[in-house]
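Listed below are the residues making up each chain.
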Amino acid sequence: MSRWKELPAELDPRVRQLLVRLRRLKDHSGLSVRQLAARTGYSAKSWERYLGGRHLPPAQAVEALARIGGEDPTRLLTLREVAAEAWEHGKDRGRTAVPAAEAPAPEPEHQPESEAGPEAGPRPAAEIRLSVRTLRIAVAAGAVALVLAVSTAVLVTSWLTGRSGADADRTARTAPLAASAPASPPSYSCRLQRVDGAWYAGNSRTLDATVGYGQSGPDVVEVQCLLRRAGVSPGGIDGMFGPLTRGAVVRFQKRAGLIGDGIVGPRTWKALRG
């Protein structure tokens, strides 16, 4: 395999990076320039110009070489777009530095031989199609992101509204009624007595109600009183099933040989009242 000539020193690093990748793909394929021309539809002279840094290869040629070399064309096409900007910038600087009468005529792009021969003119339409496709992808991604953001905001708002409504409804059910003065915190007491072999604290006579974390009311007060009678402190007798009450329930359940899930059900009630 012949050794590559050095790329022109004035090439922009972004263009140089693209050409180095293309040269490696060509070497990896094991194809000669003529074989590459036959496989891609671009003439051997065109490939010599592209790989020699004398002309920027069109997007279709880059994609064709990528597929031959077994590489994802998307990366190379992205490098090609970056290189194209640098190439145009370099041409603009060249036009500024060289008088119009002395400036060399730009070398035309080449179409595949299968369509218009080895020395056909530029294909701006292909570049336009690539740019339009890139723009469409960007617009679609932006639209999807906007829809997801709006959907998330709607879901969060709905959740907060439902949570607020549920809290208000629970407060309305559990708060004591007040005729004119602001309601004062309820006071609870434990009036323990044994009836028919079962203990009651004077707040609830339930035997099967399910009472768990976050609940409040007379059933919770009954649980707290019975826990205290059993020698397991739930903290204060406040009618709120909080962390202290739950911890006390778990300890009592384990002591009674029950599953320590912190939820008072029929079996735990039976043990508490026994």
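Up top is the structure these notes are about.
All values derive from a computational prediction rather than experimental measurement.

Caption draft 1: Inspection of the state of the cysteines at higher detail. Applying the stated rule across the entire model yields 1 disulfide. Here Cys190 connects covalently by a disulfide to Cys225, the sulfurs 1.9 Å from one another. The sign of the S-S torsion, about -80°, decides the handedness of the disulfide formed by Cys190 and Cys225: left-handed. In this pair, Cys190 is assigned in the loop between helix H7 (124-174) and strand E1 (193-195) and Cys225 in helix H8 (residues 218-229), connecting sequence segments 35 residues apart. By relative accessible area, which is 33% here, Cys190 ends up partly exposed.

Caption draft 2: Main features of the packing of helix H2 (residues 33-40) against helix H3 (residues 44-51). Between H2 and H3, whose axes approach to 8 Å, the crossing angle comes to 110°. One way to sum up the angle between H2 and H3 is to call them roughly perpendicular. Contacts between H2 and H3 involve Val33, Arg34, Leu36, Ala37 and Thr40 on the former and, on the latter, Ala44, Trp47 and Glu48. Here the contact of H2 with H3 is built from residues that sort into 5 nonpolar, 1 polar and 2 charged.

Caption draft 3: Structural view of the packing of aromatic side chains. Counted under the stated rule, the structure contains 3 aromatic pairs. Summarising the aromatic geometry, the rings of Tyr42 and Trp47 are spaced 6.3 Å apart at their centres and angled 75° between planes, so their arrangement reads as edge-to-face. Note on accessibility: Tyr42 and Trp47 belong to one class, buried. Tyr42 sits in the buried class, given a relative accessible area of 1%. Each member of the aromatic cluster is reached from another via a ring pair, and the members are Tyr42, Trp47 and Tyr50. Positioned over the ring face of Tyr200 is Arg205, at 4.2 Å from the centre of the ring.

Caption draft 4: Geometry of the nonpolar core. Residues Val15, Leu18, Leu22, Trp47, Leu56 and Leu76 are the most contacted members of the largest nonpolar core, which totals 29 residues. Those elements that provide at least two residues to this core are helix H1 (13-29), H2, H3, helix H4 (59-68) and helix H5 (73-97). Among the elements that make up this core, the one with the highest residue count is H5 (7 residues). Residues in contact with Leu22, not counting those within four places in the same chain, are Leu51, Pro57, Val62, Leu65 and Leu76. Counting 15 residues, the second largest nonpolar core, distinct from the first, contains Val211, Leu227, Phe252 and Val264.

Caption draft 5: Unusual backbone geometry, seen in detail. Positive phi, close to 50°, is recorded for Asp196, a residue that is not glycine. In this structure, Asp196 sits in the loop between E1 and strand E2 (198-200). With relative accessibility at 82%, the residue Asp196 sits in the exposed group.

Caption draft 6: Layout of the pattern of salt bridges. Using the criterion set out here, one finds 4 salt bridges in the structure. Between Arg14 and Asp12 there is a salt bridge, with the nearest N and O atoms lying 3.0 Å from each other. Taking the relative accessible area as the measure of exposure, Arg14 reaches 37% and is therefore partly exposed. With its nearest N and O atoms 2.9 Å apart, the salt bridge here joins Arg67 to Glu63. On the criterion of helical spacing, the pair formed by Arg67 and Glu63 is a turn pair, its members being 4 residues apart in helix H4. We classify Glu63 as partly exposed; its relative accessible area is 27%.

Caption draft 7: Structural view of H1. Between its first and last C-alpha atoms H1 spans 24 Å; for 17 residues at 1.5 Å apiece the expected length is 24 Å, and the two agree. Here H1 has its buried residues at Val15, Leu18, Leu19, Leu22, Arg23, Leu25 and Lys26. Buried residues along H1 cover an arc of 160° about the axis, so they all sit on one side. In H1, those exposed residues whose orientation departs by more than 90 degrees from the buried face are Pro13, Arg24 and His28. The N-capping residue of H1, defined by a side-chain oxygen 2.8 Å from the backbone nitrogen of Arg14, is Asp12. Directly after H1, the chain includes Gly30, whose backbone phi takes a positive value near 75°.

Rules of the game
Along each chain, residues carry numbers from 1 onward, in the same order as the chain's sequence is written. It should be noted that, the model being predicted, local features are given only for residues of pLDDT at least 70 and side-chain atom pairs only at 80 or more, the latter also being counted only at that level, while totals for whole chains, interfaces and linings use all residues. Note that the side-chain values use all heavy atoms of the structure and ignore hydrogens as well as water. In this description, a disulfide is simply a cysteine sulfur pair whose atoms lie within 2.5 Å. Helix and strand definitions follow DSSP, with helices as H or I runs of at least four residues and strands as E runs of at least two, each counted in order from the N terminus. Exposed residues in this analysis have more than 50% of their type's maximum accessible area, buried residues have under 20%, and partly exposed residues fall in between, with area computed by a 1.4 Å probe over protein chains only. For helices, the fitted line uses only the C-alpha atoms of the stretch in contact; every axis is such a line through C-alpha atoms, and the angle between N-to-C directions lies from 0 to 180 degrees. Working rule for angles: under 35 degrees goes down as roughly parallel, over 145 as roughly antiparallel, 65 to 115 as roughly perpendicular, anything else as oblique. In what follows, a contact means two residues having at least one pair of non-hydrogen atoms within 4.5 Å. Residues are grouped as follows: nonpolar covers Ala, Val, Leu, Ile, Met, Phe, Trp, Tyr, Cys and Pro; charged covers Asp, Glu, Lys and Arg; every other residue, Gly included, is treated as polar. Aromatic contacts are taken between Phe, Tyr and Trp rings whose centres are within 6.5 Å, Trp giving its six-membered ring; a plane angle under 30 degrees counts as stacked, one over 60 as edge-to-face, and the others as tilted. Geometrically, a charge over a ring is one whose NZ (Lys) or CZ (Arg) sits within 6 Å of the ring centre while staying within 35 degrees of the ring normal. Take the buried residues of types Ala, Val, Leu, Ile, Met, Phe, Trp, Tyr and Cys, join any two whose side-chain atoms come within 4.5 Å, and each joined set is a nonpolar core. Counted as salt bridges are all cases of a side-chain nitrogen of Lys or Arg within 4 Å of a carboxyl oxygen of Asp or Glu. Helix span, as expected, comes to 1.5 Å for every residue beyond the first. Summarising the geometry, the arc corresponds to the directions from the helix axis toward the C-beta atoms. Within 3.5 Å is the distance limit for a polar contact, defined as a pair of N or O atoms, with the added protein rule that one can donate a hydrogen and the other accept it, and that residues adjacent in sequence qualify only through two side-chain atoms.

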